[in-house]
Amino acid sequence: MTVKYTEDHEWVSVEGDTAIVGITSYAAEQLGDVVFVELPEEGRNSNKGDELAVVESVKAASDVYAPVSGIVKEANSELEGAPETVNQDPEGKGWFVKMLITDPTQLDAMMDADAYKAFCADL
Amino acid sequence: MRYLPLTQEDRADMLSVIGANSVDDFYTDVPESARLPGTVPGLPDHQGELAVERYLTKLANKNVTASESAFFVGCGAYKHHVPASVDMVIQRSEFLTTYTPYQPEIAQGTLQTLFEFQTQVAEITAMDVANASMYDGATSCAEAAVMACRATRRKKVVLSGGLHPHYAASTKLLCEAQGIEVVQLPAAIDGELELAGAVDDATACVIGQSPNVFGTITDMTPVADAAHEKKALFVSVFTEAVSLGLVKPPGEMGADIAVGEGQSIGNSLNFGGPYVGLFAATQKLVRQMPGRLCGETTDAEGKRGFVLTLSTREQHIRRDKATSNICTNSGLCALAFTAHMTLLGGKGLRDLAVLNHEAACDLADALEAVDGVEIITPRFFNEFAFRVPMNAADALQGLLDRDVVGGVRASRLYPHEDELSNVIVCAATECTTPEDIAAYASALKEILS
Amino acid sequence: MSMNSQGRPSTPVATGSQHDTETVSGSKGLYQFEPLIFETDRWGKTGVDLPKAKGTKSRLGGVERAGKAELPGLSEPETVRHYVRLSQRNYAIDLGLFPLGSCTMKHNPRLNEKMARLPGFADIHPMQPQASVQGALELIDELATWLKTLTGMPAVAMSPKAGAHGELCGMLAIRQALISRGEADTRKRVLVPASAHGTNPATAAQCGFIVDEISADKRGRVDMEDLRAKLEKTDDVAGIMLTNPNTCGLFETDIKDIADLIHEAGGYFYCDGANFNAIVGRVRPGDLGIDAMHINLHKTFSTPHGGGGPGSGPTVLSEALAPFAPVPFILKDEDGFRLVEEAEEEAKESFGRMASFHGQMGMFVRALSYMLSHGADGLKQVAEDAVLNANYIQAKLKTVMTPAFDGFCMHEALFSDKFTAEGIETIDIAKALIDEGYHPMTMYFPLVVHGAMLIEPTETESKAELDRFCGALESVARRAAQGDDTLKGAPYLAPMKRLDETQAARKPVLKWVPPAPEQLAAE
Ligand SMILES: Cc1ncc(COP(=O)(O)O)c(C=O)c1O
């Protein structure tokens, strides 16, 4: 299992042809208290860079983009009743969607954990 | 100037604190050619309170008011009695002269009344949730249509033939600007159920009205069923909020969105505005709603309080992706509405509705007895349409000459429907007296004989 | 993901508040506890006396309500108390300075209220015969004349119901003009500065346009270089939406060039007139090359804000856009005034209808009463005093707070949060002002200034009141600069402590619901 990161603060954990997508701890902290997550319906076909989800705090709504192209297999329904999970465990239980990856080569250009850490330190 | 507290000495002192020579220094960014040398030409100078009052009173006196004549005009605004205490409440400085409750610690007055307003509107429409008001009925209707398109990701809406033409026009305008197809069914006195046959897989919503613009009331449950069958939404419209005390409300007919005009409760006629748009929906759709929402919460000490909430739907946060561009709404008119509803209660609303209905029945009986009059609204609440054997405009002028403001000619709303040229739409309310009704009937008899 | 960089705390922190005496009633001296109307024992009752219905007639045809509307009905004394008590939890312009930038909270003259309540204006119906409302039509026509003269514009649409609705009117007129040129499908891009009020991009989007953001320069004005770059491609440009004076409280120095550039590109100039109060009577927007502008009668022309509305947003239009104005509008001929209600014949190019009826008559009466009272001379003085008051505040506070931009301001003074110590935010200053007896300034707007504090005193404040306000704000600002942590718990003295907005948004409770039966039994 490899975890990759984007400059837009999404993380992607890949196992076989499935990617689990969420937002990073850094992003969750910056957003403050998450109050709502709007998730895509299963079966939605997204291209890399498409709006995949919306994560809302009280005073801001931020779009989450698809870090890779693929088909949504499952959305994390836990978040519906407990959006605070995104703050409590952003890179674990607070995942957003599972996607069937259609173009694994897109992962190559993404950052690994160390690179992402360095990227955030510069912000 | 009585509204400006600064004196000449104040101004001089302040300029020296600022380090400016004159106020002209503040306007140096204005392009030279746009700086006026003096005051704006073509306008008079200031006047005292007495002079302004005299002048405006003279203008006011040129109008015939609803209270000084036998008055039967409806079609989207209704003459009702407003209790004296309602106007007193909305003239309280703390309600009248405050802003949107963005600082909840010092706006609990406004916020609690909004929470009560939302609860009352949800209850009388039999819907799950209501917002803190829109501009008026027509703009609520237009917003409902685009909201339905957003929620269903479809781009077609169907309007009934009984939807108030002004609501239809406002809805068409907003939809077409957004590339939404609008299908308008032909004008019909009793055609709301035809919506059921007009839904297809591309339809985002169907919009029907009860009581409709001709006063016809309809149980639109079959319309809701047909819409839901195709995964479309049903928007239920009303222009007479008092009807909700007696007539089947949107929520009992399966409406997904209920919109309408709230003027009838607590608000004067005001020649068309300001009024208060009511907007309610099912729980499922709450995050697609336009406008402000007030919600319950607690403060740092655990005390119950209220705040504006789910603001990420709105323009000040979501900007070009907001559910609507609305900012200022109809706050004070909503306060008048909720204060009047608080006096009425559910029981008072029903009693008031019954009185309205009876007045309209009495009116219908009296007019039906006039030779040549044909009532064409099959089922109604407090408003109905009838035919006269002459041009409706001439009939109304004849009535006006006899101090009866008899209603609205249908041709004012439908200038191209020739078969409506002899139709008058009239309304009666609790303000209508037996003498008014008798005057109407006898004047009409004279005109038609 | 895209992130908004100006998040702010929305969950209150626990604070050691001062000792508070609890009472059995929940009231405290003059502060009366007031429950929701639903928590009274007035269910099934009513507070109005209606004549008894005969109960003999029905033409409902069975289309009746099945379930009753269950709502309490309070007697008049209870009702009056309910609202008077609640009113005492509100701050208001009648209580003190209300420095909410961009909102123009000025005194609302009571003459206006009296005039709007004359039966000849309040008790007339929008659909009654036009011959019976000639005075009302004349009033609207006269107000229109004032608005056209003050703005130097040839036409005005009176039906828009608030500022944002006026924006919609202007942008729909632009859309209609493009349709008539056959370019509506290609010209889709509308330039909007990053500093714009949220209604601008929301309106553009509502009309089917695509928002293209332009940045601000170091002086808080439109970045002309960015604008020129955005206008390199011209055939897709519909227009620009620009606030002037802008939301930083500054006059757009290059406004005429901006107008020329946008016109050369084939687009139109929408001006957001929310800040007209700074220039009314001194500068006519028509002399600046604009095509459309809404005027918030509830700002510049003193109609009350009413806790969120109603407003009124008449929209002036240039020769180029005037033919597309919405219906209804008023024409005068030998028979007097009449309404043109359909988009045909003399209104055949009109884009259509925006609202139920003819506009916010109640607000029109108030606004005309205000204009007649001030006259051309008084209105000029209004603008000058508003600008003088704002500059006075800026001058008095510029050494303790950080002005967002150099130089004089117009009618509002804008500060950033640069002067605050680590950990203290704009919201803390705002809430501490509440303890000092003032409504906070506009905070976190415009978005182009970090931790923005936008202060608009208006012309109806005396020098003494400005001095008191500056004294209070100065002391709070000093505490913020020193990192005084107690600010984080403010307000301490308001009817409520900070409210938990996170909880409200996570688990929305949007109406009163009866308590569950077991809870009732336990009580
Ligand atoms: C700059 C600006 N533009 C537009 C608006 C919108 O006006 P309204 O609230 O009347 O719709 C406002 C005020 O709220 C504003 O401050």
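Residues numbered from 1 in each chain as written. Chains lettered and ligands numbered in written order. Predicted model: local features only at pLDDT ≥ 70, side-chain atom pairs only at ≥ 80, totals over all residues. Heavy atoms only, no water.

Attention shifts here to the site of the ligand. Around the ligand, the surrounding shell holds 15 residues, and the nearest of these are B:Thr328, C:Ser102, C:Asp272, C:His298 and C:Lys299. At 2.5 Å, a side-chain N or O of B:Thr328 approaches an oxygen atom of the ligand. Between an oxygen atom of the ligand and a main-chain N or O atom of C:Ala164, the distance comes to 2.7 Å. With the chains in place, 99% of the 380 Å² that the ligand exposes on its own is no longer accessible. (Near = heavy atom within 4 Å. Polar contact = N/O pair within 3.5 Å; in protein donor to acceptor, adjacent residues only side chain to side chain. Areas by Shrake-Rupley, 256 points an atom, 1.4 Å probe, with all protein chains shown as cover.)

This part is about the state of the cysteines. Tallied over the entire structure, the rule returns zero disulfides over all chains. Looking at B:Cys75, it has no disulfide partner, and the nearest cysteine sulfur is the one in B:Cys426, 9.4 Å off. Here C:Cys103 stays unpaired: no disulfide links it, and the sulfur of B:Cys327, its closest cysteine neighbor, is 7.5 Å away. (Disulfide = S-S within 2.5 Å.)

Another aspect to go through is the interface of chain C and chain B. Across the boundary between the two partners, chain C contributes 207 residues, which contact 199 residues of chain B. Taken over both partners, the interface formed by chain C and chain B buries close to 17,400 Å², and the fraction arising from carbon and sulfur atoms is 62%. Considering only the surface of chain C that becomes buried against chain B, C:Arg59, C:Arg65 and C:Leu510 emerge as the three largest contributors, covering 6% of it. Summed over the shared surface of chain C and chain B, the result is 17 salt bridges. The salt bridge involving C:Lys161 is made with B:Asp136; its shortest N-O contact spans 3.7 Å. The tally of links between chain C and chain B comes to 109 residue pairs in polar contact (both at pLDDT 80 or more). A class-by-class count of the residues in the side of chain C that touches chain B yields 103 nonpolar, 59 polar and 45 charged. (Contact = heavy atoms within 4.5 Å. Buried area = accessible area lost by both parts, 1.4 Å probe. Salt bridge = Lys/Arg side-chain N within 4 Å of Asp/Glu carboxyl O. Nonpolar A, V, L, I, M, F, W, Y, C, P; charged D, E, K, R; others polar.)

A few words on the nonpolar core. Among the nonpolar cores identified, the biggest contains 127 residues, and C:Leu150 and C:Phe301 are the most heavily contacted of them. The element that contributes the greatest number of residues to this core is helix 9 (residues 361-397) of chain C, accounting for 19 residues. Aside from chain neighbours lying at most four places away, what touches C:Leu150 is B:Val40, B:Leu43, C:Phe276, C:Val280, C:Gly281, C:Val283, C:Arg284, C:Pro285, C:Phe301, C:Met371 and C:Leu379. (Core = buried A, V, L, I, M, F, W, Y, C linked by side-chain atoms within 4.5 Å. Buried < 20%, exposed > 50% of the residue type's maximum accessible area, 1.4 Å probe, protein only. Helix = DSSP H or I, 4+ residues; strand = E, 2+ residues; numbered from the N terminus.)

Attention shifts here to the pattern of salt bridges. Pairing is possible between side chains that carry opposite charge, provided their charged atoms lie close to one another. Counted according to the given criterion, the structure contains 61 salt bridges over all chains. When the shortest N-O distance is used, the salt bridge between B:Glu94 and B:Arg92 registers 2.9 Å.

In this section: the packing of aromatic side chains. Centre-to-centre distance and the angle between the planes together describe a pair of aromatic rings. What the rule picks out here adds up to 19 aromatic pairs over all chains. Their ring planes at 45 degrees and their centres at 4.6 Å tell us that B:Phe72 and B:Tyr440 sit as a pair that is tilted. Of this pair, B:Phe72 sits in the loop between strand 1 (70-71) and helix 3 (84-90) while B:Tyr440 sits in helix 13 (residues 434-448); the two residues are 368 residues apart in sequence, bridging distant segments of the chain. Residue classification places B:Phe72 among the buried residues on the basis of a relative accessible area of 0%. An aromatic cluster of at least three residues, connected via ring pairs, comprises B:Phe72, B:Phe380, B:Phe384, B:Phe386 and B:Tyr440. The lysine or arginine in question, C:Arg282, covers the ring of B:Tyr27, its NZ or CZ lying 4.0 Å from the ring centre. (Phe/Tyr/Trp six-rings, centres within 6.5 Å; stacked < 30°, edge-to-face > 60°. Lys NZ or Arg CZ within 6 Å of the ring centre and 35° of its normal.)

Often the size quoted for an interface is simply the accessible area lost on bringing the parts together. All names here are of chain C. For chain C, the assigned domains are domain 1 (113-371) and domain 2 (376-499). Each partner contributes to the interface: domain 1 provides 26 residues, whereas domain 2 provides 20 residues. Of all residues in domain 1, the largest losses of buried area upon contact with domain 2 belong to Cys248, Asn277 and Ala278, amounting jointly to 26% of the total for that side. For the pair domain 1 and domain 2, the number of links is one salt bridge. Glu384 is the salt-bridge partner of Arg282, the closest N and O atoms lying 2.8 Å from each other. Where domain 1 meets domain 2, there are four residue pairs in polar contact (both at pLDDT 80 or more). Here the side of domain 1 that touches domain 2 is built from residues that sort into 13 nonpolar, nine polar and four charged. (Domains from an automatic or database assignment.)

Another aspect to go through is helix 11 (residues 392-401) of chain B. Within an α-helix, residues lying three or four positions from one another point in the same direction, as the helix has 3.6 residues per turn. Residue and element names in this part refer to chain B. Within helix 11, the full set of buried residues consists of Ala392, Ala395, Leu396, Gly398, Leu399 and Leu400. Along its buried surface, helix 11 packs onto strand 13 (404-405), strand 14 (408-409), strand 15 (423-427) and helix 13. By the N-cap criterion, in which a side-chain oxygen at the helix start approaches the backbone nitrogen of a residue two or three places on, helix 11 is capped by Asn391, the distance to Ala393 being 2.8 Å. One or two residues past the end of helix 11 sits Asp403, with phi positive at roughly 65 degrees.

Take the side chain of C:Arg42 next. Positionally, C:Arg42 belongs in the segment before helix 1 (76-87). Leave out the neighbours within four places in its chain, and C:Arg42 touches C:Gly47, C:Pro72, C:Gly73, C:Leu74, C:Ser75 and C:Glu78.

It is worth spelling out the interface of chain C and chain A at this point. Between chain C and chain A, the contact holds 12 residues from the first and 23 residues from the second. Together, the buried faces of chain C and chain A total about 1,500 Å²; carbon and sulfur atoms form 56% of this surface. For the pair chain C and chain A, the number of links is two salt bridges. With a closest N to O distance of 2.9 Å, A:Lys59 and C:Glu501 form a salt bridge. Between the two partners, chain C and chain A, sit five residue pairs in polar contact (both at pLDDT 80 or more). Looking at the side of chain C that touches chain A residue by residue, the classes come out as three nonpolar, five polar and four charged.

We now examine unusual backbone geometry. Looking along the chain, the bond that leaves C:Gly309 and enters C:Pro310 is cis, with omega of 0 degrees. Looking at where C:Pro310 falls in the secondary structure, it is placed in the loop between strand 6 (292-294) and strand 7 (315-317). Residue C:Pro328 is bonded to the preceding C:Val327 through a cis peptide linkage, with omega at 0 degrees. Note that C:Pro328 resides in the loop between strand 7 and strand 8 (329-333). The backbone of B:Ala126 shows a phi angle near 60 degrees, a positive value even though the residue is not glycine. For B:Ala126, the location among the structural elements is in the loop between helix 5 (108-125) and strand 2 (129-130). Despite not being glycine, B:Leu310 shows a phi value in the positive range, around 50 degrees. Tracing the backbone shows B:Leu310 in the loop between strand 10 (304-309) and helix 9 (315-318).

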